[in-house]
Amino acid sequence: MTLNPEILKKMVLILTNTHVSELSCDECFDEIDRFAEIELVGKSAAEAMPLVQDHLERCQDCREEYEALMVALKFMDQEKPAE
Ligand SMILES: [Zn+2]
């Protein structure tokens, strides 16, 4: 197949956009439950959801939200009767 420069340019543009795509606070907030749950079961949430991790590192508001959620989830976990 022939790669014409125009297509190549478009592809690079798409790849670049994908690479720099960042979550907004709303998007981060939508994902944060899942992120916390992955973390709670002892898996690497940062690996599973790198965009959320990335946002949490840069956004104080969402990090506080996430930390509060983790505290709440851990608390709920302790309250749960053992089966
Ligand atoms: Zn945020």
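Above: the structure in question.
Residues numbered from 1 in each chain as written. Predicted model: local features only at pLDDT ≥ 70, side-chain atom pairs only at ≥ 80, totals over all residues. Heavy atoms only, no water.

Trainee: What am I meant to see in the overall build of the protein here?
Mentor: Of the regular secondary structure elements, the protein holds five helices and zero strands. Helices and strands appear in the protein in the N-to-C order α-α-α-α-α. The buried share among the 83 residues of the protein stands at 19%. Partitioning the intrachain contacts of the protein with sequence separation of at least 6 by distance along the chain shows that 61% fall at a separation of at least 24. Counting only carbon and sulfur atoms, one obtains 57% of the accessible surface of the protein, whose full area is about 6800 Å². (Helix = DSSP H or I, 4+ residues; strand = E, 2+ residues; numbered from the N terminus. Buried < 20%, exposed > 50% of the residue type's maximum accessible area, 1.4 Å probe, protein only. Contact = heavy atoms within 4.5 Å. Areas by Shrake-Rupley, 256 points an atom, 1.4 Å probe, with all protein chains shown as cover.)

Trainee: Sorry, what's going on with the coordination of the zinc ion here?
Mentor: Coordination of the zinc ion by the protein involves C25 (SG), H55 (NE2), C59 (SG) and C62 (SG), with metal-donor separations of 2.0 to 2.3 Å. Classification of the site at the zinc ion rests on its four donor atoms, whose angles at the metal span 102 to 113°, yielding the label tetrahedral. As a motif over one chain, the donors of the zinc ion read C-x29-H-x3-C-x2-C. Of this pair, C25 sits in helix 2 (residues 25-40) while C59 sits in the loop between helix 4 (50-58) and helix 5 (60-79), and the two are 34 residues apart along the sequence. (Donors = N, O, S within 2.8 Å, 3.2 Å for Na, K, Ca; no water. Tetrahedral: all angles 85-135°; square planar, octahedral: opposite > 155°, others 65-115°.)

Trainee: Would you mind showing me how to read helix 2 here?
Mentor: Think of an α-helix as turning once every 3.6 residues; residues three or four places apart then point the same way. The end-to-end C-alpha separation of helix 2 is 22 Å, in line with the 22 Å expected for 16 residues at 1.5 Å each. When we look at burial in helix 2, the residues that qualify are C28, I32, F35, A36 and I38. Looking at the packing, one finds that the buried side of helix 2 touches helix 3 (45-48), helix 4 and helix 5. Residue G42 follows helix 2 closely and has a positive phi angle near 85°. (Expected span 1.5 Å × (residues − 1).)

Trainee: Sorry, what's going on with the nonpolar core here?
Mentor: Nonpolar side chains in soluble globular proteins tend to be buried together. Grouped together as the largest cluster of nonpolar side chains are 15 residues, with contacts concentrated most on C28, F35, V52, L56 and Y66. Secondary-structure elements contributing two or more residues to this core are helix 2, helix 4 and helix 5. Ranked by the residues each element gives to this core, the list is headed by helix 2, at five residues. Not counting residues within four places of it along the chain, the set of residues in contact with Y66 comprises I32, F35, A36, E39 and L56. (Core = buried A, V, L, I, M, F, W, Y, C linked by side-chain atoms within 4.5 Å.)

Nothing here speaks to function; it is geometry throughout.
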